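# Architecture and fold: a report
Next come the chains, spelled out residue by residue.
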Amino acid sequence: MTQKDLYAVLEIEKNSSAEDVKKSFRRLAMQYHPDKNKEDNAEEKFKEISFAYNILSDPEKRNRYDSFGIDGVSGDQANYSDFSNFGGLGDIFDAFFQGATNQKQSNLQGTDISIELKISLEESHNGVKKQVLYERNTSCKTCKNSGQKEGTDLGKCNECGGSGEIRRVERQLFGQFVNVMSCNMCTGQGKVVTDPCDECSGFGIKLDQTEKSIDIPKGIRTGQKIRVNSFGNSGIRGGTAGDLYIHLNIPEHETFKRVEDNLIYELPVSIPNALLGFEEDIPLINQEKNHMMKFKPGVQHTEVFRIKNKGMPKLNSSSYGDLIVIANIIIPKKISKEEKKLIDTLRQTLKVESKKIPEELSVLHKLGINFD
Ligand SMILES: [Zn+2]
Ligand SMILES: [Zn+2]
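### A word on the coordination of the zinc ion (ligand 1)
Only Cys140 (SG), Cys143 (SG), Cys197 (SG) and Cys200 (SG) from the protein coordinate the zinc ion (ligand 1), and they sit 2.3 Å from it. Spacing between the donor residues of the zinc ion (ligand 1) along the chain follows C-x2-C-x53-C-x2-C. Of this pair, Cys143 sits in the loop between β2 (128-139) and β3 (155-156) while Cys197 sits in the loop between β6 (191-192) and β7 (205-216), and the two are 54 residues apart along the sequence.

So, in structure tokens, the structure goes:
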């Protein structure tokens, strides 16, 4: 056993507060824990620190030590040589700092519920109010959530004597710890159902259909979710309710493809139109009127045209993405005899030059392929 002054061991003053004792121990234990410190005297030092902490952190022992010195606490010395019970530093602090605290936990809380909600791209574009219908546990109205038959009182829990807590004294290396746990029998309430409510069989909750109106914000995307506080399962006997999570699913649109906040519209273009230029009505989402667009002669395959602010609204913002029009020049696989004749005449005059393709027309350039 150490003959040193325990205050000196913990590097604190005689009048240091309980908080200082804890703080200093924490710091020194970190420094000398044998898992961390490989110096020869680390283990010895760690035992000293632990012993000092064991005495000085306990008001009664600290008093005895102050009055009678080391002899007053000699009976409290434990065997500090075995560290195998402790995994790492985390465990050791758990043992010290949480072992004696109240771990009462309420397991009466209701669980969360997740549901899927399908909306259209149009609805996401405009924002929409939706009614969702789902099943959840709600408070039993007959017994007002208590589980006990109307007009009778809940009984005292025999397991915990009505305190809701089970106390267990645990011997650990550094002394005794009182572990306070929530009573399983009454789930920490101290009271139990003695005469179950007929409506809910004593659970205080009932599976029921719930209808809830949900405001879906503009611009929401597939995979995003909306949380509705306390609309999950009700807790048992007054426990807080869980939350409702609505997972949005927006199926593919037949006209537009959404990329981030932009909408893509693939415009099929015939060869004559591409050559001669043309006018085309481009559909807009949620608008009766189309957007008339003029294309100059020489439209290229995959050429991109942008219609500003006609895409999707940005979530929680007043701005919009763009509508992106991509020209897709359709080359027919089959043509009539007559068309063949006409095209053949063209072949005589409409030729491509075999010299280097300009960069703006290069397929490699468009695809971003580089053979460096
Ligand atoms: Zn009931
Ligand atoms: Zn109990």
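### Description of the pattern of salt bridges
By the definition in use, this model includes 16 salt bridges. The salt bridge involving Lys4 is made with Glu48; its shortest N-O contact spans 3.3 Å. Taken as a pair, Lys4 in the segment before α1 (6-9) and Glu48 in helix α3 (residues 42-56) lie far apart in primary sequence, 44 residues in all. Residue Glu48 is classed as buried on the basis of its relative accessible area of 15%. The partner of Glu199 in a salt bridge is Lys206, and the shortest N-O contact between them spans 3.1 Å. When its relative accessible area of 42% is taken as the criterion, Glu199 is described as partly exposed.

### So, the sheet that holds strand β10 (residues 257-259)
Strand order in the open sheet formed by 4 strands is β10-β11-β15-β14, with mixed pairing between adjacent strands. Each edge of the open sheet is held by one strand with a lone partner, namely β10 and β14 (304-307). Averaged over all pairs of adjacent strands, the angle between strand axes in this sheet comes to 30 degrees, irrespective of strand direction. Relative to strand β15 (residues 323-329), β14 runs antiparallel, the two sharing 4 bridges. Paired with Val304 across the two strands is Ile326, which belongs to β15.

### Structural notes on the confidence of the model for the protein
Per-residue confidence for the protein gives a mean pLDDT of 85; residues scoring 70 or more make up 90%. Here residues 78-105 is modelled with pLDDT under 50, and outside its nearest four sequence neighbours on either side it reaches 61 contacts, counting other chains as well.

### Observations regarding the layout of surface pockets
Size it by volume and the largest pocket reaches roughly 1400 Å³. What lines the largest pocket is a set of 35 residues, and nearest its centre among them are Ile271, Leu275, Ile329, Ile331 and Leu350. Residue assignment for the lining of the largest pocket shows that the elements contributing at least two residues are α7 (271-276), α8 (337-349) and α9 (363-367). A total of 7 residues in the lining of the largest pocket trace back to one element, the largest contributor, which is α8. Here the lining of the largest pocket is composed, by residue class, of 19 nonpolar, 5 polar and 11 charged.

### Some points on unusual backbone geometry
What is expected of a backbone is that most residues other than glycine have negative phi and most peptide bonds are trans. The backbone of Glu260 sits at a positive phi, close to 55 degrees, despite the residue not being glycine. Following the sequence through the fold, Glu260 ends up in the loop between β10 and β11 (262-269). Since its relative accessible area comes to 54%, Glu260 is described here as exposed. Although it is not a glycine, Asn316 sits at a positive phi angle of roughly 55 degrees. Inspection of the secondary structure assignment puts Asn316 in the loop between β14 and β15.

### Focus on the environment of Asn262
The residue Asn262 is located in strand β11 in this model. Using a relative accessible area of 21% as the deciding quantity, one classes Asn262 as partly exposed. At a separation of 2.7 Å, a polar atom in the side chain of Asn262 contacts the main-chain amide nitrogen of Asp322.

### Regarding the packing of aromatic side chains
For the structure on display, the rule yields 5 aromatic pairs. Note on Phe256 and Tyr265: the rings are 6.2 Å apart at their centroids and 55 degrees apart in plane angle, and the pair reads as tilted. Take Phe256 and Tyr265: they sit in the same class, and that class is buried. Measuring from ring centre to ring centre gives 4.8 Å for Phe295 and Phe305, while their planes differ by 90 degrees; the resulting arrangement is edge-to-face. Of this pair, Phe295 sits in strand β13 (residues 291-295) while Phe305 sits in strand β14, and the two are 10 residues apart along the sequence. Of the residues examined, Phe305 reaches a relative accessible area of 17% and is grouped as buried. Put simply, the rings of Phe278, Phe295 and Phe305 touch in pairs and so form one group of aromatic residues. A cation over a ring is seen here: Lys45 above Tyr32, with NZ or CZ 5.4 Å from the ring centre.

### Describing the nonpolar core
Considering soluble globular proteins, one finds that nonpolar side chains tend to be buried as a cluster. Grouped together as the largest cluster of nonpolar side chains are 36 residues, with contacts concentrated most on Ile216, Ile246, Leu267, Ile282, Phe295, Leu323 and Val325. Setting aside its immediate chain neighbours within four residues, Ile216 contacts Leu117, Ile119, Gly127, Val128, Lys130, Ile226 and Leu248. Counting residues in hydrophobic clusters, the runner-up holds 20 residues, among them Tyr7, Tyr32, Ile55 and Val73.

### Some words on the coordination of the zinc ion (ligand 2)
Those protein atoms acting as donors to the zinc ion (ligand 2) are Cys157 (SG), Cys160 (SG), Cys183 (SG) and Cys186 (SG), and they sit at 2.2 to 2.3 Å. Around the zinc ion (ligand 2), the 4 donor atoms sit at angles spanning 103 to 116 degrees, and that spread fits a shape best called tetrahedral. Along the chain, the residues donating to the zinc ion (ligand 2) fall in the pattern C-x2-C-x22-C-x2-C. Of this pair, Cys157 sits in the loop between β3 and β4 (165-172) while Cys183 sits in the loop between β5 (175-182) and β6, and the two are 26 residues apart along the sequence. Assessed through its relative accessible area of 1%, Cys157 is described here as buried.

Cut-offs and rules
Residues numbered from 1 in each chain as written. Chains lettered and ligands numbered in written order. Predicted model: local features only at pLDDT ≥ 70, side-chain atom pairs only at ≥ 80, totals over all residues. Heavy atoms only, no water. Donors = N, O, S within 2.8 Å, 3.2 Å for Na, K, Ca; no water. Helix = DSSP H or I, 4+ residues; strand = E, 2+ residues; numbered from the N terminus. Salt bridge = Lys/Arg side-chain N within 4 Å of Asp/Glu carboxyl O. Buried < 20%, exposed > 50% of the residue type's maximum accessible area, 1.4 Å probe, protein only. Pairing = 2+ DSSP bridges. Axes fitted to C-alpha atoms, helices over the stretch in contact; angles between N-to-C directions. pLDDT = per-residue confidence, 0-100. Contact = heavy atoms within 4.5 Å. 1 Å grid on protein atoms, 1.4 Å probe; cavity = no way out; pocket = protein on both sides within 12 Å on 5 of 7 lines; lining within 4 Å. Points joined across faces, edges and corners; volume = space filled by probe spheres on them. Nonpolar A, V, L, I, M, F, W, Y, C, P; charged D, E, K, R; others polar. Polar contact = N/O pair within 3.5 Å; in protein donor to acceptor, adjacent residues only side chain to side chain. Phe/Tyr/Trp six-rings, centres within 6.5 Å; stacked < 30°, edge-to-face > 60°. Lys NZ or Arg CZ within 6 Å of the ring centre and 35° of its normal. Core = buried A, V, L, I, M, F, W, Y, C linked by side-chain atoms within 4.5 Å. Tetrahedral: all angles 85-135°; square planar, octahedral: opposite > 155°, others 65-115°.

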